[in-house]
Amino acid sequence: MKINEYSKFRDLNYGKDDDNFENFWKKNKHTKSIFENSELFAQNYKKFNDVDECVYLVDKSISKTLTDKIYNEKQENVICCFSSSKIIGTYGEELMWAHYANSSKGIRIDFTIDKEFEDIYVKKVEYKPKKQFNNGAQLKEELNNNKLENIMCRKSKAWAYEKEHRAIFHKDGIPLEEGKKLEPFIFPINIKAITFGRGCGFFPDKKPDVEAYDFKQEQKNAEKHILKIASFIYKVLKESNKYKDSMPEFYRYEDKYSLKTIKIEENELSKEMKKIQNKSQDKIQKLSQKIVQLQKEIVDLEKEIVNLKKAKQ
C-alpha cells in the first residue's frame with residue numbers, strides 16, 4: 001500500500017545570540033506543540049488569507065433559510081491545511097517558503113497520516129471557479145451528500161502552486177473508539193523529516209564599520225545557529241517518546257543560494273543537545289552557588305543587626 005506524504009511550511013521566531021531552549025519555545029509555542037504531540041492545528045476558514053475561502057454562488061431564488069443552514073454548517077467545521085510532498089522541488093515550493101516560512105527562515109515539516117484519519121478527513125483541494133448553485137435542490141444535495149466538499153475544498157487557480165490538501169472535521173474534535181475524541185482543533189500526523197529554509201540562521205549585519213562581506217563566515221554562523229535550533233526540536237521529539245524506533249530526519253540547505261540539501265546527522269544533534277544541557281546545568285549550578293552565598297550574607301547581616309541592637313542596650 002502506497003503511503004501518501006505531505007508537507008507543512010512553518011515560520012520560526014528566533015534571535016541572533018540570546019536564544020536558549022526555554023526562550024526559543026516561548027516564542028514558538030505552537031510549533032513546539034507540533035513536535036511535542038505530533039499534531040497540526042486546524043482553524044475556522046475565516047482566518048485564512050484568501051478572501052474567497054469557502055465562498056459559493058447561489059441563484060437569488062434560493063431561500064435565505066437554506067443558505068443560513070449552509071453557513072452554520074461551515075462554522076461547525078475546522079480546516080487543517082498542508083501540501084502534497086509532490087510540491088518539493090517545484091517552483092511552488094519556493095513560493096511556499098517565501099509565503100509561509102517567513103521568507104525561507106522557517107522550516108518544512110514532512111509527514112504521513114494514519115489511514116484511519118486520512119481516508120475519512122483528508123481531501124484534495126480543487127483549483128477551479130466558485131461553485132454555482134442554481135436551485136435549492138442542488139444546494140441541499142451539497143449539504144447532505146457531499147458534506148460541503150465542493151465548497152470547502154475549492155480555491156482559485158491562482159493558488160494551484162500550493163498543491164494543497166485539507167483535513168476537515170468538526171470543531172469539537174475527531175471521534176475515536178469507545179466514545180472518546182481527539183482534542184478540538186487538533187489533527188494527528190507522523191513526522192518524517194524537518195528541513196530548515198535557506199535563509200535560516202542568517203541575520204542582517206548590524207555593524208556599519210564592516211569593511212568586507214564574508215559569506216563563508218556568515219554561512220558558518222548560520223550552520224551553527226541551525227544546529228542549535230535543530231537540537232531544540234530534536235530534544236522535544238526525543239522526550240515525546242513517539243519516535244523511539246525511528247527519529248525524524250533533519251536537513252539544511254548546502255548554503256543560502258543552493259537548492260541541494262544536506263542531512264544533519266543524529267549524532268551531531270545529540271552532541272549539540274548535550275552541550276546545551278551542560279551549559280544549562282552550569283548556569284543552574286552558578287545560580288545555586290550565588291543563592292547559597294546570598295543566604296550566607298543574609299544570615300551574617302541578621303547577626304550583625306542583633307549585635308548592634310545589643311550594643312545599644
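It should be emphasised that the depicted structure is a prediction, and the values quoted were computed from it without experimental measurement.

Visitor: An account of empty space enclosed by the protein is needed here, citing residue identities and associated values.
Guide: According to the stated counting rule, one finds one cavity of 30 Å³ or more in the structure shown. Taken as a whole, the largest cavity holds about 50 Å³ of empty space.

Visitor: So what's going on with the layout of surface pockets? Residues and values would help.
Guide: Approximately 820 Å³ is the volume found for the second largest pocket. Around the second largest pocket, the lining comprises 29 residues; the ones closest to its centre are Lys-8, Arg-10, Phe-41, Gln-43 and Cys-81. For the lining of the second largest pocket, the elements supplying multiple residues, two or more each, are strand S1 (6–10), helix H2 (29–37), strand S2 (39–41), strand S4 (77–84), helix H4 (91–100) and strand S10 (164–170). Examining the composition of the lining of the second largest pocket, we find that five residues originate from one element, S4, more than from any other. Tallied by class, the residues present in the lining of the second largest pocket amount to twelve nonpolar, seven polar and ten charged.

Visitor: Before we move on, can you summarise the sheet that holds strand S12 (residues 190–196) with the specific residues and values?
Guide: The eight strands are arranged S6-S10-S4-S1-S5-S12-S13-S14 in an open sheet whose pairing can be described as mixed. Strand pairing shows two members of the sheet lacking a second neighbour, strand S6 (122–124) and strand S14 (261–264), which therefore form its edges. Recorded for the sheet is a direction-independent mean angle of 35 degrees between the axes of neighbouring strands. The pairing of S6 with S10 spans three bridges and is classified as antiparallel. If you follow Lys-123 over to S10, its bridge partner there is Arg-166. Relative to strand S5 (residues 107–112), H2 is tilted by about 30 degrees, and along the sheet it contacts S1, S5 and S12.

Visitor: Would you mind going over helix H6 (residues 136–144) in detail, with residue names and values included?
Guide: Listing the buried residues of H6 in full gives Leu-139, Glu-142 and Leu-143. Down the axis of H6, the sector holding all buried residues measures 95 degrees, keeping them to one side. Contacts from the buried residues of H6 go to strand S3 (57–58), helix H3 (64–76), strand S8 (132–133) and helix H7 (149–152). The backbone nitrogen of Ala-137 has a side-chain oxygen 3.1 Å away, supplied by the residue at the start of H6, namely Asn-135.

Visitor: Give me the lowdown on the nonpolar core, citing residues and values where you can.
Guide: Core analysis: the biggest nonpolar cluster contains 45 residues, and Phe-35, Phe-187, Phe-196 and Phe-250 have the highest contact counts within it. Formed by 17 residues, the second largest nonpolar core is a distinct cluster that contains Tyr-45, Cys-54, Cys-81 and Leu-143.

Visitor: Quick one: what's the story with a positive patch on the surface, residue by residue and with numbers?
Guide: Taken together, the side chains of Lys-2, Lys-86, Lys-124 and Lys-163 make up a positively charged region of the molecular surface. Relative to the elements of secondary structure, Lys-163 occurs in the loop between strand S9 (154–155) and S10. The class for Lys-163 is partly exposed, based on a relative accessible area of 34%.

Visitor: Can you tell me about the pattern of salt bridges, naming the residues and giving the values?
Guide: Here the structure, examined in full by the defined rule, presents 20 salt bridges. Here Glu-164 makes a salt bridge to Lys-155, at a shortest N to O gap of 3.3 Å. Comparing Glu-164 with Lys-155 shows no difference in burial state: the two are buried. What emerges from the salt-bridge pattern is a single network uniting Glu-53, Lys-155, Glu-162, Glu-164 and Arg-166.

Visitor: Kindly report on the side chain of Glu-218, identifying the contributing residues and their values.
Guide: Tracing the backbone through its elements, the reader meets Glu-218 in helix H8 (residues 215–240). Within the buried set, Glu-218 has no salt-bridge partner at all; the shortest N-O distance to an opposite charge, 4.8 Å, is to Lys-256. Setting aside residues up to four positions removed in sequence, Glu-218 forms contacts with Phe-202, Phe-203 and Tyr-213.

Visitor: If you had to explain the packing of aromatic side chains to someone new, which residues and values would you point to?
Guide: Taken as a whole and assessed by the stated rule, the structure comprises 17 aromatic pairs. These aromatic residues form a ring-pair network of at least three members: Phe-21, Phe-24, Trp-25 and Phe-232. Over the aromatic face of Phe-21 sits the side chain of Lys-235, whose NZ or CZ is 4.5 Å from the ring centroid.

Visitor: Lay out unusual backbone geometry with the relevant residues and their values.
Guide: Within the chain, Cys-54 stands out as a residue other than glycine whose phi angle is a positive 60 degrees. By the secondary structure assignment, Cys-54 is in the loop between S2 and S3. Its identity is not glycine, yet Ser-104 carries a phi of approximately 70 degrees, on the positive side. When you line up the elements, Ser-104 lands in the loop between H4 and S5. Its relative accessible area of 16% is what places Ser-104 among the buried residues.

The rules we used
- Residues numbered from 1 in each chain as written.
- Predicted model: local features only at pLDDT ≥ 70, side-chain atom pairs only at ≥ 80, totals over all residues.
- Heavy atoms only, no water.
- 1 Å grid on protein atoms, 1.4 Å probe; cavity = no way out; pocket = protein on both sides within 12 Å on 5 of 7 lines; lining within 4 Å.
- Points joined across faces, edges and corners; volume = space filled by probe spheres on them.
- Helix = DSSP H or I, 4+ residues; strand = E, 2+ residues; numbered from the N terminus.
- Nonpolar A, V, L, I, M, F, W, Y, C, P; charged D, E, K, R; others polar.
- Pairing = 2+ DSSP bridges.
- Axes fitted to C-alpha atoms, helices over the stretch in contact; angles between N-to-C directions.
- Contact = heavy atoms within 4.5 Å.
- Buried < 20%, exposed > 50% of the residue type's maximum accessible area, 1.4 Å probe, protein only.
- Arc of directions from axis to C-beta.
- Polar contact = N/O pair within 3.5 Å; in protein donor to acceptor, adjacent residues only side chain to side chain.
- Core = buried A, V, L, I, M, F, W, Y, C linked by side-chain atoms within 4.5 Å.
- Patch = residues over 30% accessible without salt bridge, like charges linked within 9 Å, V, L, I, M, F, W, Y side chains within 5 Å.
- Areas by Shrake-Rupley, 256 points an atom, 1.4 Å probe, with all protein chains shown as cover.
- Salt bridge = Lys/Arg side-chain N within 4 Å of Asp/Glu carboxyl O.
- Lys, Arg positive; Asp, Glu negative; His and termini not counted.
- Charge placed at Lys NZ, Arg CZ, Asp CG, Glu CD.
- Phe/Tyr/Trp six-rings, centres within 6.5 Å; stacked < 30°, edge-to-face > 60°.
- Lys NZ or Arg CZ within 6 Å of the ring centre and 35° of its normal.

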